[in-house]
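Structure assessment
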Amino acid sequence: MPVHRNKTYTSTCCYCGVGCGVKITLDKNENIAVEGDKDHPVNHGMLCSKGLNLQYTVNDKSDRLLYPQMRYSKSMPLQRVSWDDALNRTAAVFKTFIDKYGPDSVAFYASGQCLTEEYYVINKLIKGFIGSNNIDTNSRLCMSSAVTAYKMALGEDSVPICYDDIELADCFFVTGANPAWCHPILWRRVEAHKAAHPEVKLIIVDPRVTDSCGLADLHLQINPGTDVTLNHAIGRVLIERNYIDTDFIDQRTEGFEAYQKRVFERTLKESAAICGVTVAEIELAASYIGNAKGFLTMWTMGLNQSSIGVNKNLSLINLNLITGHIGKPGSGPFSLTGQPNAMGGREVGGLANLLPAHRDLLNETHRKEVQQFWGGTTISGKVGLTATEMFEALNDGRLKAIWILCTNPITSLPNARFAEQALKKAKFVVVQEITDKAETLVYADVILPAAAWTEKEGTMTNSERRISHLQKVIEPPGEALPDAEIICRFATKMGYKGFTYKSTEDIYKEHTKLTYRSSININGLDYKQIDDCKTVQWPYNKKTESGTKRLFTNHLFHTPSKKAIIHSPSDELKSELPDEDFPFILTTGRVRDQWHTMSKTGKVSKLKQHIKHAFLEIHPIDAALLNISDNQVLVVRSRRGEVQVKSKVSATIKQGVVFLPMHWGKILGSDLNRANNITSTIIDPISKEPDFKYCAVSVEKYKKD
Ligand code: SF4
């Protein structure tokens, strides 16, 4: 590809789901420079610390995988091979397992950082041609509870809001999220709106005092896991004080009577005691919501990553439904997506229980429709293995081969030691990666070098359904290839027709055709249209040009009755509770300048300055009782393992609760720092999302033997 040094390329930041637009230029050494795109509707030129340092992750190629590697047996070393050799052998092994043990003996484990086209071809390959639904991604670890709750409440996984609703809201309810650190550019919009309109109310719900709380009118520092109780209590006050929208409830929802019964099961005093807040605080939150013209609920992992993640989501969406605050400017339930293209994965049905364009895997008509379109084998009606289930199946031998791409599960999965053990037991492991630092590589039988951000073309969809086109800027190093091309080459080696695309855009066009008559509907959309409009929000048609800002403004919900469903979820927590041996509740989360398992941000020295090492945040009273002072090495244990990190004694956390950041592992530090050595194996029974925010641990000072 000729390098255009005088050209300015457009792309989208590859970190969080905010989806900030960037402009990229090249210097004479073909190093890239990145700046915020002033004309982009999401960020208007702003970038956070991670976005501002994007170029360093790309320009530093010292850790890049440059050529395919393979070994013929577990005892042999990996050696350099050609692409043909690597893919021929992989195809032969996959065929052998599929013939001998059936299609469910193989699986793909991908990432919310894959581009939509990549997701699309992997999903097509495994569901439409191999005949298994064993595809899941690390999005299972971050937003599957929100996906499930949207489907249950609104009929489909449709985020109804747009970011412009931020400037139209006069009450924000931010729960289980620290957007000041994790979605910074969106947060700057909230800050600017509140600075211009001080009457705007901001409620934050979080067991920790985070940077986001600095802006709050009310911080409800609840006990971990009590979100459903709190939301129900607020719902109760909204009903008692007639802050609800009875016309909306009557005409556009069902289930209110059962909900009313549910929220009146506990007195406010009981709810307040369970949550660890006061009755007055609950009433104040309800009065802020009740008096709002625009009410925006915003949430992320604190609600999603829970043993009752779906219930937490449903109880929150209820607050929008009973007040009629959905489909109106400044209003709606807004799940903040963690990863840059988790939404694109949802569009193409890239999870073990989904089909493209919001079709239902359990619906035979939908399966046939997709099968006919793809022209492959019968699509199985059996839901595939989800993220944690895949590793259980590797461990007990049901799953023989796994293909891991664009994610580092050894650090990111709960109970990481078990994930390591499962990969050790796997008969065949393919790792498709950009970096030689990924912890999965030591278990790989085949390593496939992938192109990174800016080295390939494709699309991503951000948290507000906004699709952007990421241009290719530079060539990948060595023999690395775009992920979609690797999958298509492999599919062709397997003998499957329908993977010989002329371009990435051809894949995209095929995907858009499958959205015809679905709620996503981007049929007819192409890269030129996206570029011409800068971005497009689904659903799109030629008349709307840049798509649809807000859903459910006057049209019906996607449920069979066309009404939104007010569910009445239980608040009973299913997590691992503290006891005498493990008396603390552990919650995990992110820090401002790191991303996931640090395979990219860990390369940037500037980003390491903010927080230099892993730590355990512990309340001063708990620390005093354990004779712990600041910056001492601690051992944190659960029933699954231990972590050694330094103490950070701080009143920002509730007594009895401790916090560990989730980023550290072997990439930058050691596996002793890895939070997931000790996290819980419990998952939400419906969404299958892990309970990262709650498990029982003990804490003590490190003692040398
Ligand atoms: Fe990138 Fe998210 Fe920061 Fe925007 S807010 S620059 S998308 S990390």
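In terms of regular secondary structure, the protein chain is built from 24 helices and 28 strands. In terms of overall dimensions, the protein chain is globule-like: its C-alpha atoms have a radius of gyration of 24 Å, near the 27 Å expected for 705 residues. Within the protein chain, the proportion of its 705 residues that are buried is 63%. Taking the intrachain contacts of the protein chain between residues at least 6 apart in sequence as the baseline, contacts between residues at least 24 apart amount to 73%. When the accessible surface of the protein chain is summed, it comes to about 24700 Å², and 49% of that surface belongs to carbon and sulfur atoms. Computed over 85 positive and 79 negative side-chain charges, the inter-centroid distance for the protein chain is 3 Å.

Let us now look at unusual backbone geometry. With omega at -5°, the peptide bond leading from W538 into P539 counts as cis. Residue position: P539 is located in the loop between β21 (536-537) and β22 (564-565). Within the chain, K562 stands out as a residue other than glycine whose phi angle is a positive 65°. Tracing the chain through its elements places K562 in the loop between β21 and β22. K562 sits in the partly exposed class, given a relative accessible area of 40%. Not every positive phi belongs to a glycine, and H596 is a case in point at roughly 45°.

A few words now on the pattern of salt bridges. Here the structure, examined in full by the defined rule, presents 47 salt bridges. The shortest N-O distance in the salt bridge between K74 and D445 comes to 2.7 Å. Separated by 371 residues along the polypeptide, K74 in the loop between β4 (69-70) and β5 (79-80) and D445 in the loop between β17 (428-433) and β18 (446-449) bring together distant segments of the chain. For E420, the salt bridge goes to R417, with nearest N and O atoms at 3.4 Å. Remark: R417 and E420 occur in helix α19 (residues 416-425); sequence separation between them is three residues, near one turn of the helix.

Attention now moves to the environment of H193. Within the fold, H193 resides in helix α7 (residues 184-196). The exposure class assigned to H193 is buried, which follows from its relative accessible area of 8%. With 340 residues separating them along the chain, H193 and C533 place their C-alpha atoms 26 Å apart. What H193 contacts, discounting residues up to four positions off in sequence, is I166, E167, L168, A169, F172 and V200.

With respect to the secondary-structure elements, N673 resides in the loop between β27 (657-661) and β28 (695-701). The class for N673 is buried, based on a relative accessible area of 16%. Filtering out sequence-adjacent residues up to four positions away, N673 remains in contact with A614, V643, Q644, V645 and W664.

Moving on: the sheet that holds strand β26 (residues 641-649). The strand order around the closed barrel built from six strands is β23-β27-β24-β26-β25-β28, with neighbouring strands paired in mixed fashion. With strand direction ignored, the average angle separating the axes of adjacent strands in the sheet is 45°. Sheet topology places strand β25 (residues 633-638) next to β28; four bridges connect them, and they run antiparallel. Directly across from V635, in β28, lies its bridge partner E700.

What follows deals with the domain arrangement of the protein chain. Often, the extent of an interface is quoted as the loss of accessible area on bringing the components together. For the protein chain, the assigned domains read domain 1 (9-59), domain 2 (69-142 + 341-462 + 473-515), domain 3 (144-336) and domain 4 (584-701). Facing the 22 residues of domain 2 at the interface are 25 residues of domain 4. Where domain 2 abuts domain 4, roughly 2000 Å² becomes buried across the two surfaces, and 51% of that area is made up of carbon and sulfur atoms. Three residues, T411, N415 and R417, lead the burial of domain 2 against domain 4; their summed loss comes to 27% of the area buried on that side. Across the contact surface, domain 2 and domain 4 share four salt bridges. Note that R674 is salt-bridged to E439, the shortest N-O span being 3.6 Å. For the pair domain 2 and domain 4, the number of links is 16 residue pairs in polar contact (both at pLDDT 80 or more).

As a structural note, the neighbourhood of the ligand is formed by C13, Y15, C16, G19, C20, L47, C48, K50, G51, P184 and I185. Taken together, the residues that form the shell around the ligand break down as eight nonpolar, two polar and one charged.

Here we take up the sheet that holds strand β20 (residues 466-470). The pairing of strands in a sheet comes from backbone hydrogen bonds and takes either a parallel or an antiparallel form. One open sheet holds the three strands; their spatial order is β19-β20-β21, and the pairing between them is antiparallel. Two strands in the sheet have a free side with no partner beyond their single neighbour: β19 (458-461) and β21. In this sheet, β21 lies alongside β20 in antiparallel orientation, the contact comprising two bridges. Within β21, the residue paired with I467 across the bridge is V536.

Taken together, I621, L625 and L626 make up a surface patch of nonpolar side chains, about 280 Å² in accessible area. By the element assignment, I621 lies in helix α24 (residues 620-625).

This part covers the packing of aromatic side chains. Tallied over the full model, the rule gives 18 aromatic pairs. Ring geometry for Y150 and W299: centres 5.9 Å apart, planes at 45°, overall tilted. Of this pair, Y150 sits in helix α5 (residues 144-154) while W299 sits in strand β12 (residues 295-299), and the two are 149 residues apart along the sequence. Looking at Y150, the relative accessible area reads 0%, which means it is buried. Residue W299 is classed as buried on the basis of its relative accessible area of 0%. With a centroid separation of 6.2 Å and an interplanar angle of 40°, the aromatic rings of F615 and F659 are classed as tilted. Here F615 is found in strand β24 (residues 615-618), whereas its partner F659 is found in strand β27, with 44 residues between them in sequence. Considered together, F615 and F659 belong to a single accessibility category, that of buried residues. Feature note: the residues F94, F108, W403, F428 and F490 constitute an aromatic cluster, connected by ring pairs. The ring of Y101 has K400 lying over it, and the distance from NZ or CZ to the ring centre is 4.3 Å.

It is worth spelling out the pairing of β18 at this point. In β18, alternate side chains face the same way, and those of V446 and L448 on one face and I447 and P449 on the other are all buried. Examined bridge by bridge, β4 and β18 share two bridges and lie antiparallel to one another. Across the sheet, Q69 pairs through a bridge with I447, a residue of β18. When β17 meets β18, the two strands line up parallel, connected through four bridges. What sits directly across from V431, in β18, is I447.

Next up on the list: the nonpolar core. One finds F172, F173, I203, L230, I234, W453 and L616 to be the most contacted residues of the largest nonpolar core, which totals 126 residues. Leaving out residues up to four positions away in the same chain, I203 has contacts with C171, F172, F173, V174, L218, L220, A285, Y288 and I289. In terms of nonpolar packing, the next biggest core, distinct from the first, is built from 50 residues, V93, W374, L448 and I486 among them.

As a further point, take the environment of E369. Along the chain, the position of E369 falls in helix α16 (residues 364-374). The exposure class of E369 is partly exposed, given its relative accessible area of 39%. Sequence separation between E369 and L514 is 145 residues; the distance between their C-alpha atoms is 9.2 Å. Only 3.2 Å separates the side chain of E369 from the side chain of R359, close enough to count as a polar contact.

So, how was this worked out
Residues numbered from 1 in each chain as written. Predicted model: local features only at pLDDT ≥ 70, side-chain atom pairs only at ≥ 80, totals over all residues. Heavy atoms only, no water. Helix = DSSP H or I, 4+ residues; strand = E, 2+ residues; numbered from the N terminus. Rg over C-alpha atoms; globule rule 2.2 N^0.38 Å. Buried < 20%, exposed > 50% of the residue type's maximum accessible area, 1.4 Å probe, protein only. Contact = heavy atoms within 4.5 Å. Areas by Shrake-Rupley, 256 points an atom, 1.4 Å probe, with all protein chains shown as cover. Lys, Arg positive; Asp, Glu negative; His and termini not counted. Charge placed at Lys NZ, Arg CZ, Asp CG, Glu CD. Salt bridge = Lys/Arg side-chain N within 4 Å of Asp/Glu carboxyl O. Pairing = 2+ DSSP bridges. Axes fitted to C-alpha atoms, helices over the stretch in contact; angles between N-to-C directions. Domains from an automatic or database assignment. Buried area = accessible area lost by both parts, 1.4 Å probe. Polar contact = N/O pair within 3.5 Å; in protein donor to acceptor, adjacent residues only side chain to side chain. Near = heavy atom within 4 Å. Nonpolar A, V, L, I, M, F, W, Y, C, P; charged D, E, K, R; others polar. Patch = residues over 30% accessible without salt bridge, like charges linked within 9 Å, V, L, I, M, F, W, Y side chains within 5 Å. Phe/Tyr/Trp six-rings, centres within 6.5 Å; stacked < 30°, edge-to-face > 60°. Lys NZ or Arg CZ within 6 Å of the ring centre and 35° of its normal. Core = buried A, V, L, I, M, F, W, Y, C linked by side-chain atoms within 4.5 Å.

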